[in-house]
Amino acid sequence: SQPGGHTLTEGSYYLADDATVGGSLTISGDVTLCLNGHTLSPSGDTKIEANVNVFAAISVPQGSSLTVCDCGQTKGRIAFQTAGEYGRAAIGGAGNVTLYGCTVEINKTSAYSVDGLCNIGGTFTLYDSHISATHTTSGANQSPYACAVRDTGGTTVIHGGTLSATVTNSTAYDDGSSSAYGLN
């Protein structure tokens, strides 16, 4: 991972309180994370694969898996705010991701794309989960693009929940390439 990134090694983790991670998380091995009604907020991101210009707050490389569940009375979430170049995702990679009843939110305020989840070759399975991608920009040539779940060569299976993608360009400029998708 890039400077400021952290590796979450194989095992089970349980949030006792809201947590802000100073940087990104890279998953190594099989990791289970229970949000327990709390919010996990990574503050950085890392390139998800060497040949792909997409960066994720939580990177799940090929051969690793991330299972996120929530046993709390209120539903927890993974929330990521970014303004970085290139494509950004809250969770991305070529590994396997399974979400059980949780929320993933990403908000971006710069050019290029934003994805809630970006699957580039793994298996992503969602059960009653809520994925939201919001892209807000201003100025010419920003080409904002938002996608709740992007799949570019993997398998994505969705069992209930909601997908939301919103694009806002706060200037009068429109280059015709702004778009928002729930699933692409």
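Below is a summary of the structure that appears in this document.

Reading the values: the criteria
- Residues numbered from 1 in each chain as written.
- Predicted model: local features only at pLDDT ≥ 70, side-chain atom pairs only at ≥ 80, totals over all residues.
- Heavy atoms only, no water.
- Salt bridge = Lys/Arg side-chain N within 4 Å of Asp/Glu carboxyl O.
- Helix = DSSP H or I, 4+ residues; strand = E, 2+ residues; numbered from the N terminus.
- Buried < 20%, exposed > 50% of the residue type's maximum accessible area, 1.4 Å probe, protein only.
- Core = buried A, V, L, I, M, F, W, Y, C linked by side-chain atoms within 4.5 Å.
- Contact = heavy atoms within 4.5 Å.
- Pairing = 2+ DSSP bridges.

### Overview of the pattern of salt bridges
Thought 1: Tallied over the full model, the rule gives 3 salt bridges.
Thought 2: Between D45 and R88 there is a salt bridge, with its nearest N and O atoms 2.6 Å apart. In this pair, D45 sits in the loop between β4 (39–42) and β5 (46–49) while R88 sits in strand β9 (residues 87–93), placing the two residues 43 residues apart along the sequence. Both residues of the pair, D45 and R88, count as buried.
Thought 3: Two residues, R150 and D115, come together in a salt bridge whose shortest N-O distance is 2.9 Å. Of this pair, R150 sits in strand β14 (residues 145–151) while D115 sits in strand β12 (residues 113–119); the two residues are 35 residues apart in sequence, bridging distant segments of the chain. Taken as a pair, R150 and D115 share a single burial class, namely buried.

### Some details on the nonpolar core
Thought 1: One finds L40, I58, I91, L99 and L117 to be the most contacted residues of the largest nonpolar core, which totals 32 residues.
Thought 2: With residues near it in sequence (within four places) discarded, I91 still touches A56, I58, V60, I78, V97, L99, V104, G116, L117, C118 and F124.
Thought 3: By size, the runner-up hydrophobic cluster in this structure holds 7 residues, among which are I48, A56, A94 and I120.

### Brief notes about the pairing of strand β8 (residues 77–82)
Where a strand is regular, its side chains alternate between the two sheet faces.
Thought 1: Pairing of β4 with β8, which is carried by 2 bridges, proceeds in the parallel orientation. Residue pairing across strands places T39 opposite R77, the latter belonging to β8.
Thought 2: Both β8 and strand β11 (residues 103–108) contribute to a ladder of 6 bridges, which runs parallel. Paired with Q81 across the bridge in β11 is N107.

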